[in-house]
Amino acid sequence: MDCLFCKIIAGEIPSAKVYENDKVYAFRDISPEAPTHVLIVPKEHIASANDLTAENASVVSDIFLAAKEIAALEGIAEGGYRIVNNCGEDGGQTVKHLHFHMLGGRSLAWPPG
Ligand code: AMP
Ligand code: ZN
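Cut-off values and rules
Residues numbered from 1 in each chain as written. Chains lettered and ligands numbered in written order. Predicted model: local features only at pLDDT ≥ 70, side-chain atom pairs only at ≥ 80, totals over all residues. Heavy atoms only, no water. Phe/Tyr/Trp six-rings, centres within 6.5 Å; stacked < 30°, edge-to-face > 60°. Helix = DSSP H or I, 4+ residues; strand = E, 2+ residues; numbered from the N terminus. Buried < 20%, exposed > 50% of the residue type's maximum accessible area, 1.4 Å probe, protein only. Pairing = 2+ DSSP bridges. Axes fitted to C-alpha atoms, helices over the stretch in contact; angles between N-to-C directions. Salt bridge = Lys/Arg side-chain N within 4 Å of Asp/Glu carboxyl O.

Focus on the packing of aromatic side chains
In total, this model carries three aromatic pairs according to the counting rule given. Pairing phenylalanine 5 with phenylalanine 27 gives two aromatic rings, centres 5.3 Å apart and planes at 80°, and the pair type is edge-to-face. You can see phenylalanine 5 sitting in helix H1 (residues 4–9) and its partner phenylalanine 27 sitting in strand E2 (residues 24–28), a full 22 residues away along the chain. You'll find phenylalanine 5 and phenylalanine 27 in the same group, each marked buried. Seen from their ring centres, tyrosine 25 and phenylalanine 27 are 5.8 Å apart, and the 40° between their planes marks the pair as tilted. Residue tyrosine 25 shares its accessibility class with phenylalanine 27, and that shared class is buried.

Focus: the sheet that holds strand E5 (residues 100–104)
If you walk across this open sheet you meet the five strands as E1-E2-E3-E5-E4, and the pairing is antiparallel. Unpaired on one side and paired on the other, strand E1 (17–20) and strand E4 (81–84) mark the two borders of the sheet. If you compare each strand with its neighbour and ignore which way they point, the axes differ by 20° on average. Across three bridges, E1 lies against E2 in antiparallel orientation. In the strand pairing of E2, tyrosine 19 is matched with alanine 26.

Topic: the pattern of salt bridges
By the definition in use, this model includes four salt bridges. Between glutamate 20 and lysine 43 there is a salt bridge, and its shortest N-O distance comes to 2.8 Å. One end of the pair, glutamate 20, is in strand E1; the other, lysine 43, is in the loop between strand E3 (36–42) and helix H2 (58–74), with 23 residues separating them in the sequence. According to the relative accessible area criterion, glutamate 20 is partly exposed, its value standing at 36%. On the accessibility criterion, lysine 43 (26% relative accessible area) is partly exposed. Each member of the salt-bridge network shares a partner with another, and the members are Lys17, Glu20 and Lys43.

Next comes the structure, spelled out in C-alpha coordinates:
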(Lines give C-alpha, C1' and ligand atoms only; values in the text may rest on other atoms or scores of the structure.)
(Ligands and ions follow the chains in the order given, each with its own letter.)
Protein backbone atom coordinates (compact mmCIF):
# COMPACT_ATOMS: atom_id res chain seq x y z
CA MET A 1 0.00 0.00 0.00
CA ASP A 2 1.32 3.41 -0.94
CA CYS A 3 0.90 5.02 2.47
CA LEU A 4 3.60 7.24 4.00
CA PHE A 5 2.79 6.34 7.60
CA CYS A 6 2.54 2.59 6.85
CA LYS A 7 6.04 2.88 5.38
CA ILE A 8 7.26 4.73 8.49
CA ILE A 9 5.74 2.07 10.77
CA ALA A 10 7.42 -0.66 8.66
CA GLY A 11 10.78 1.15 8.93
CA GLU A 12 10.97 1.68 5.16
CA ILE A 13 11.08 5.46 5.70
CA PRO A 14 13.08 6.77 8.70
CA SER A 15 11.37 8.51 11.61
CA ALA A 16 12.28 9.82 15.04
CA LYS A 17 10.41 7.26 17.15
CA VAL A 18 9.30 8.34 20.61
CA TYR A 19 7.05 5.41 21.56
CA GLU A 20 5.85 2.05 20.27
CA ASN A 21 3.68 -0.80 21.47
CA ASP A 22 1.90 -3.63 19.65
CA LYS A 23 -0.94 -1.36 18.45
CA VAL A 24 0.52 2.14 18.34
CA TYR A 25 3.55 3.94 16.85
CA ALA A 26 4.55 7.53 17.68
CA PHE A 27 7.21 9.72 16.07
CA ARG A 28 8.22 13.36 15.82
CA ASP A 29 6.47 15.50 13.22
CA ILE A 30 8.97 16.48 10.52
CA SER A 31 7.67 20.06 10.63
CA PRO A 32 7.04 20.76 14.33
CA GLU A 33 4.56 23.45 15.37
CA ALA A 34 5.50 23.30 19.07
CA PRO A 35 8.50 22.19 21.17
CA THR A 36 6.79 18.79 21.43
CA HIS A 37 4.97 17.76 18.25
CA VAL A 38 4.47 14.01 18.10
CA LEU A 39 2.27 12.07 15.68
CA ILE A 40 0.53 9.08 17.25
CA VAL A 41 -0.78 6.52 14.76
CA PRO A 42 -2.36 3.07 14.78
CA LYS A 43 -0.14 0.36 13.29
CA GLU A 44 -3.21 -0.85 11.43
CA HIS A 45 -3.95 1.22 8.33
CA ILE A 46 -7.12 3.23 8.96
CA ALA A 47 -7.49 6.07 6.48
CA SER A 48 -9.18 8.63 8.72
CA ALA A 49 -11.53 9.12 11.67
CA ASN A 50 -14.34 8.58 9.14
CA ASP A 51 -13.09 5.02 8.69
CA LEU A 52 -13.37 4.00 12.35
CA THR A 53 -15.77 1.12 12.98
CA ALA A 54 -16.99 -0.83 16.00
CA GLU A 55 -14.32 -3.43 15.09
CA ASN A 56 -11.29 -1.12 14.90
CA ALA A 57 -12.20 1.82 17.18
CA SER A 58 -10.51 0.38 20.29
CA VAL A 59 -7.25 1.66 18.82
CA VAL A 60 -8.39 5.18 19.72
CA SER A 61 -8.24 4.34 23.42
CA ASP A 62 -4.88 2.63 22.80
CA ILE A 63 -3.69 5.89 21.24
CA PHE A 64 -4.90 8.04 24.14
CA LEU A 65 -3.32 5.72 26.69
CA ALA A 66 -0.08 5.93 24.69
CA ALA A 67 -0.45 9.72 24.60
CA LYS A 68 -0.55 9.84 28.39
CA GLU A 69 2.73 7.91 28.55
CA ILE A 70 4.29 10.07 25.85
CA ALA A 71 3.30 13.25 27.72
CA ALA A 72 5.17 11.97 30.77
CA LEU A 73 8.21 11.00 28.66
CA GLU A 74 8.22 14.43 27.01
CA GLY A 75 7.82 16.27 30.34
CA ILE A 76 4.58 18.00 29.32
CA ALA A 77 2.07 16.10 31.45
CA GLU A 78 1.98 18.80 34.13
CA GLY A 79 2.04 21.82 31.82
CA GLY A 80 -0.61 20.41 29.53
CA TYR A 81 -0.90 19.64 25.85
CA ARG A 82 -3.31 19.35 22.94
CA ILE A 83 -4.27 16.26 20.94
CA VAL A 84 -5.68 17.01 17.49
CA ASN A 85 -7.08 14.86 14.70
CA ASN A 86 -7.55 16.42 11.27
CA CYS A 87 -10.16 14.60 9.20
CA GLY A 88 -10.69 15.10 5.49
CA GLU A 89 -10.09 18.09 3.28
CA ASP A 90 -11.79 20.77 5.37
CA GLY A 91 -10.16 19.34 8.48
CA GLY A 92 -6.73 19.80 6.89
CA GLN A 93 -5.80 16.11 6.70
CA THR A 94 -2.86 15.65 4.30
CA VAL A 95 -1.78 12.08 5.16
CA LYS A 96 -4.54 9.51 4.71
CA HIS A 97 -3.56 7.31 7.65
CA LEU A 98 -5.34 8.12 10.91
CA HIS A 99 -3.07 10.15 13.19
CA PHE A 100 -3.31 12.33 16.25
CA HIS A 101 -1.04 15.34 16.70
CA MET A 102 0.25 15.80 20.26
CA LEU A 103 1.37 19.40 20.75
CA GLY A 104 2.91 20.80 23.91
CA GLY A 105 5.81 22.61 25.49
CA ARG A 106 4.31 26.07 24.95
CA SER A 107 1.00 27.84 25.52
CA LEU A 108 -1.30 27.07 22.57
CA ALA A 109 -3.80 29.51 21.09
CA TRP A 110 -7.49 28.68 20.76
CA PRO A 111 -9.50 28.49 18.53
CA PRO A 112 -7.44 27.11 15.64
CA GLY A 113 -7.76 28.80 12.25
P1 AMP B 1 -2.16 16.24 8.73
O2 AMP B 1 -1.97 17.54 7.98
O3 AMP B 1 -3.05 16.32 9.91
O4 AMP B 1 -2.52 15.12 7.78
O5 AMP B 1 -0.73 15.91 9.34
C6 AMP B 1 0.29 15.30 8.63
C7 AMP B 1 1.57 15.62 9.35
O8 AMP B 1 2.56 14.73 8.90
C9 AMP B 1 2.10 17.04 9.10
O10 AMP B 1 2.16 17.76 10.33
C11 AMP B 1 3.49 16.80 8.50
O12 AMP B 1 4.44 17.73 8.95
C13 AMP B 1 3.80 15.40 8.97
N14 AMP B 1 4.73 14.64 8.15
C15 AMP B 1 4.72 14.53 6.79
N16 AMP B 1 5.71 13.72 6.39
C17 AMP B 1 6.37 13.30 7.52
C18 AMP B 1 7.49 12.46 7.77
N19 AMP B 1 8.15 11.85 6.79
N20 AMP B 1 7.89 12.28 9.06
C21 AMP B 1 7.22 12.90 10.06
N22 AMP B 1 6.16 13.70 9.88
C23 AMP B 1 5.73 13.90 8.63
ZN1 ZN C 1 -1.23 3.60 6.25
